[in-house]
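# Working through the structure, step by step
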Amino acid sequence: MRRSPGRSPTAADAASAGSEGGPLLSVAGLSVSFRTRTGETRAVRDVSFDLAPGEILGLVGESGSGKSTVLTSLMRMLPGNATASAGHVRFGGTDLLALREDRMRRLRGDRIGLIPQRPMTSLSPTTPIGRQLRWHLPAGGDAGGGGGPGGGDRLGELLREVGLGAVLDRLDGYPFEFSGGQLQRMLIAVAALGRRPELLLADEPTTTLDATVQAQVIRLLLELRDRVGLAMIFVTHDLGVISQISDRVGVMYAGRLVETAPVRELFAAPRHPYTRALIGAMPGRHPRGEPLRTIPGTVGGANLLPGCPFAPRCDMAADACGVEHPGARVIGASTVSCHRADEVV
Ligand SMILES: Nc1ncnc2c1ncn2[C@@H]1O[C@H](COP(=O)(O)OP(=O)(O)OP(=O)(O)O)[C@@H](O)[C@H]1O
Ligand SMILES: [Mg+2]
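For the structure given in this document, a descriptive report is provided here. (Residues numbered from 1 in each chain as written. Chains lettered and ligands numbered in written order. Predicted model: local features only at pLDDT ≥ 70, side-chain atom pairs only at ≥ 80, totals over all residues. Heavy atoms only, no water.)

### Here we look at the side chain of Arg313
Turning to its location among the elements, Arg313 is positioned in the loop between α10 (273–280) and β13 (329–331). Here the side chain of Arg313 touches Tyr253 through a polar contact of 3.0 Å, side chain to side chain. (Helix = DSSP H or I, 4+ residues; strand = E, 2+ residues; numbered from the N terminus. Polar contact = N/O pair within 3.5 Å; in protein donor to acceptor, adjacent residues only side chain to side chain.)

Below is the structure:
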């Protein structure tokens, strides 16, 4: 990732400068593009935010808005066709842009855990699941070694913690022999509990789970935050889940972080028209019998527009919105990129 030259101070800088003890993670001006056969996709554009120790930032936004790309770029795990730049990406006292790859490798897993969006793609289909999970545990942390039945080891303890005691005698099985939800919980167990990271990047960790298991996983993650001060970026499409787990919410649209606000603020007084539309489209937010509300139009090509990416779909769009991108502004406890944000209460 290269450092972007001459970036001007952002709202995130202003917020971090005042925070006590400094943020755990500070991201300023992060942009990522992918080269494809059909041209360039600007997946993430000038994203800035801070995360305090122990804070949970929920990241929402429709499919393709750049949520996963933000997480993979923080881990420096972007594919070869990606180009990334940023003003700064700091984790604790460490400048992640300047870190040598071998040190970055150690940091991944040890201090920053990742729960990938599609658990199957991060697992080898030809290696027993127990063996693969043990790779993510600290050396010497698995007294059971070869992964024998019964799970009387560290891995066994972790899996019991996520309600998977029943699979302990099957850990010599292959990934395809387990359900998506079971695999997801196994990966959560090792990423969040195995090495006790300070930051967990969780990419839709509950999407494949049924409502009961989803509630268990959310409870587990919140408990971890309270017990060990684990900070998290939690990506999901589900605003219901976001409202349960987040301290603060970031809303992404077409690669931009268009609004960040404390969770209560966001639901009580959403400032960006896209945030309002998202909340308005939540099931249960409108009277029974009325058709579900949707956001008219599509996001297609919005990340290439010169002005506000939401302008073509926005019922408040003014002339300026199609021409000039609205910079991030701090209004109350929210940071919002909308020319008309202060007209909304
Ligand atoms: N490896 C890649 N090569 C080319 N384009 C990519 C690649 N990965 C992601 N993109 C593009 O980058 C944009 C952002 O993708 P990303 O996966 O970050 O979105 P997302 O918000 O996580 O979506 P979802 O909710 O569907 O998971 C999309 O337009 C996507 O097509
Ligand atoms: Mg994604």
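### Here we look at unusual backbone geometry
Positive phi outside glycine occurs at Glu204, with the angle close to 50 degrees. Here Glu204 shows up in the loop between β9 (199–203) and α7 (211–228). Even without being a glycine, Ala254 presents a positive backbone phi close to 50 degrees. Secondary-structure assignment places Ala254 in the loop between β11 (248–253) and β12 (256–262). The buried category is assigned to Ala254, whose relative accessible area is 6%. (Buried < 20%, exposed > 50% of the residue type's maximum accessible area, 1.4 Å probe, protein only.)

### Considerations on empty space enclosed by the protein
Applying the stated rule across the entire model yields one cavity of 30 Å³ or more. When its volume is computed, the largest cavity comes out at roughly 80 Å³. Lining the largest cavity are 13 residues, and of these Pro273, Cys308, Cys314, Cys321 and Cys338 sit closest to its centre. Of the residues in the lining of the largest cavity, the class split is ten nonpolar, two polar and one charged. (1 Å grid on protein atoms, 1.4 Å probe; cavity = no way out; pocket = protein on both sides within 12 Å on 5 of 7 lines; lining within 4 Å. Points joined across faces, edges and corners; volume = space filled by probe spheres on them. Nonpolar A, V, L, I, M, F, W, Y, C, P; charged D, E, K, R; others polar.)

### Regarding the packing of helix α5 (residues 154–161) against helix α6 (residues 180–194)
Look at α5 against α6: their axes get within 9 Å of each other, and the N-to-C directions meet at 110 degrees. As judged from the angle between their axes, α5 and α6 are roughly perpendicular. In this structure, α5 meets α6 at a crossing whose hand is right-handed. Counted together, Arg154, Leu155, Leu158, Leu159 and Glu161 of α5 and Met186, Ala189, Val190, Leu193 and Gly194 of α6 form the full contact between these two elements. Of the residues in the contact of α5 with α6, the class split is seven nonpolar, one polar and two charged. (Axes fitted to C-alpha atoms, helices over the stretch in contact; angles between N-to-C directions. Parallel < 35°, antiparallel > 145°, perpendicular 65-115°, else oblique. Left-handed = near helix turned anticlockwise from the far one by under 90°. Contact = heavy atoms within 4.5 Å.)

### Describing the sheet that holds β13
With respect to topology, eight strands assemble into an open sheet ordered β8-β9-β10-β4-β11-β12-β14-β13, the strand pairing being mixed. Since the sheet does not close on itself, it has two edges, and those belong to β8 (112–115) and β13, each with one partner. Recorded for the sheet is a direction-independent mean angle of 20 degrees between the axes of neighbouring strands. Here six bridges tie β11 to β12, and the two strands are oriented antiparallel to one another. Each residue of the ladder has a partner; that of Tyr253, found in β12, is Arg256. In this fold α6 packs onto β8 and β9, with an angle of close to 175 degrees to the strand it touches most, β8. (Pairing = 2+ DSSP bridges.)

### Structural notes on the site of ligand 1
Near ligand 1 there are 17 residues, and of these Ser63, Gly64, Lys67, Thr69 and Gln117 occur at the shortest range. Between ligand 1 and the protein, one listed contact pairs an oxygen atom with a side-chain N or O atom of Ser63 at 2.5 Å. Contact distances for ligand 1 include 2.5 Å between an oxygen atom and a side-chain N or O atom of Thr69. Expressed as a share of its isolated accessible area of 640 Å², the protein-covered part of ligand 1 is 69%. (Near = heavy atom within 4 Å. Areas by Shrake-Rupley, 256 points an atom, 1.4 Å probe, with all protein chains shown as cover.)

### Some words on the nonpolar core
Counting residues in hydrophobic clusters, the biggest one holds 38 residues, and the most contacted among them are Ile129, Leu159, Met186, Leu200, Leu221 and Phe234. Counting residues per element, the ones that place at least two in this core are α4 (129–135), α5, α6, β9, α7, β10 (231–235) and α8 (239–245). If you tally residues by element for this core, the top one is α6, at nine residues. In this view, Met186 contacts Ile129, Leu133, Leu159, Leu164, Val167 and Phe178; residues no more than four positions away in its chain are not counted. If you look at the next biggest cluster of nonpolar residues, it comprises 35 residues, including Val27, Val47, Phe49 and Ala82. (Core = buried A, V, L, I, M, F, W, Y, C linked by side-chain atoms within 4.5 Å.)

### Here's the deal with the packing of aromatic side chains
A ring pair, where both rings are aromatic, is described by two values, the distance of the centres and the angle of the planes. The final tally for this structure, using the stated rule, is four aromatic pairs. Centre to centre, the rings of Tyr253 and Phe310 are 5.1 Å apart; their planes meet at 85 degrees, and the pair counts as edge-to-face. You can see Tyr253 sitting in strand β11 and its partner Phe310 sitting in the loop between α10 and β13, a full 57 residues away along the chain. Given the relative accessible area of 1%, Tyr253 is considered buried. For Phe310, a relative accessible area of 3% puts it in the buried group. Among the aromatic side chains, those forming a connected cluster through ring pairs are Tyr253, Tyr274 and Phe310. (Phe/Tyr/Trp six-rings, centres within 6.5 Å; stacked < 30°, edge-to-face > 60°.)

### Description of helix α3 (residues 101–110)
Turning to α3, its buried residues are Met104, Leu107 and Arg108. Projected down its long axis, α3 carries its buried residues within an arc of 105 degrees, all on one side. α3 presents Arg105 and Arg106 as exposed residues on the side facing more than 90 degrees away from its buried surface. At its buried positions, α3 is contacted by α2 (67–74), β6 (88–91) and β8. (Arc of directions from axis to C-beta.)

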